[in-house]
Amino acid sequence: MRLQMHAIHFDADPKLLAFIQKKLEKLETFYDRITSGEVFLRLDKSESSKIKNKILEVKIKVPNAELFVKENATSFEEATDSAVEALKIQLKKYKAKRQGVENQTIRGVTNNGEVEEEIEIDEI
């Protein structure tokens, strides 16, 4: 999977970027047709909290759709774990929905209304 990472207003540690890359690549075990992804890393600068929360946004592109997750946590690693779990659920739902569409039967009908043949669709 081609993955772009953006650290907004700070420089991210290469170890952190490698960790995120490794975690997100595991998503391909659930759905192998992921084309690309984008990751946005931000620091929450709200004045009400003395501890700066980390915000991780992940956008995954699959055929005919985009999956998106936004997670807040005290560390980027924790936010990554939460985001991966949420994306697993979204990918499973998307895959089930796609398989339902792909397994439908198309019937060829002649001019007089008789069924000529049935064709099963494996992939669209």
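A brief report on the enclosed structure follows.

Calculation notes
Residues numbered from 1 in each chain as written. Predicted model: local features only at pLDDT ≥ 70, side-chain atom pairs only at ≥ 80, totals over all residues. Heavy atoms only, no water. Helix = DSSP H or I, 4+ residues; strand = E, 2+ residues; numbered from the N terminus. Buried < 20%, exposed > 50% of the residue type's maximum accessible area, 1.4 Å probe, protein only. Contact = heavy atoms within 4.5 Å. Pairing = 2+ DSSP bridges. Axes fitted to C-alpha atoms, helices over the stretch in contact; angles between N-to-C directions. Expected span 1.5 Å × (residues − 1). Arc of directions from axis to C-beta. Core = buried A, V, L, I, M, F, W, Y, C linked by side-chain atoms within 4.5 Å. Phe/Tyr/Trp six-rings, centres within 6.5 Å; stacked < 30°, edge-to-face > 60°.

In this section: the overall build of the protein chain. In terms of helices and strands, the protein chain carries two helices and six strands. Secondary structure of the protein chain in N-to-C order comes out as β-α-β-β-β-α-β-β. Counting every position in the protein chain, which comprises 124 residues, the buried fraction comes to 27%. In the protein chain, of all internal contacts separated by at least 6 residues, the share reaching a separation of at least 24 is 47%.

With mixed pairing, four strands are arranged side by side in an open sheet as 1-2-3-4. The outermost strands of the open sheet, each flanked by one partner alone, are strand 1 (2-7) and strand 4 (65-73). Here the strands of the sheet are splayed against their neighbours by 15° on average, with no regard to which way each runs. When strand 2 (residues 36-43) meets strand 3 (residues 54-62), the two strands line up antiparallel, connected through eight bridges. Bridge pairing links Ser 36 to Lys 61 in strand 3.

Alignment of strand 3 against strand 4, held across nine bridges, turns out to be antiparallel. Each bridged residue has a counterpart across the sheet, and for Ile 60 the counterpart in strand 4 is Leu 67. Here strand 3 hands over to strand 4 after two residues, with Asn 64 in that stretch at a positive phi of 70°.

What follows covers helix 1 (residues 14-25). Think of an α-helix as turning once every 3.6 residues; residues three or four places apart then point the same way. A rise of 1.5 Å per residue sets the reference length of helix 1, with its twelve residues, at 16 Å; its end C-alpha atoms lie 16 Å apart and thus fit the reference within 8%. Within helix 1, burial applies to Leu 16, Ile 20 and Leu 24. All buried residues of helix 1 project into a common sector of 65° when viewed along the axis, lining one side. For helix 1, exposure combined with an orientation more than 90 degrees from the buried face picks out Pro 14, Lys 15 and Lys 22.

Let's shift gears to the nonpolar core. Residues Leu 24, Val 39, Leu 56, Val 58 and Leu 87 are the most contacted members of the largest nonpolar core, which totals 23 residues. For this core, the elements supplying multiple residues, two or more each, are helix 1, strand 2, strand 3, strand 4 and helix 2 (76-102). Take this core: its biggest share by element is seven residues, from helix 2. Beyond its immediate chain neighbours, meaning those up to four positions away, Leu 56 contacts Ile 20, Val 39, Phe 40, Leu 41, Val 69, Lys 70, Glu 71, Ala 79, Thr 80 and Ala 83.

This part is about the packing of aromatic side chains. Enumeration over the complete set of coordinates arrives at two aromatic pairs. Ring centres of Phe 10 and Phe 76 lie 5.7 Å apart, and the angle between their planes is 10°; on these two criteria the pair is classed as stacked. Linking Phe 10 in the loop between strand 1 and helix 1 with Phe 76 in helix 2, this pair joins segments that are 66 residues apart in sequence. Among the residues examined, Phe 76 registers a relative accessible area of 7% and is labelled buried. Each ring, one from Tyr 31 and one from Tyr 94, has its centre 5.5 Å from the other, and the planes form 90°; the classification is edge-to-face. You can see Tyr 31 sitting in the loop between helix 1 and strand 2 and its partner Tyr 94 sitting in helix 2, a full 63 residues away along the chain. With a relative accessible area of 6%, Tyr 31 lands in the buried category.

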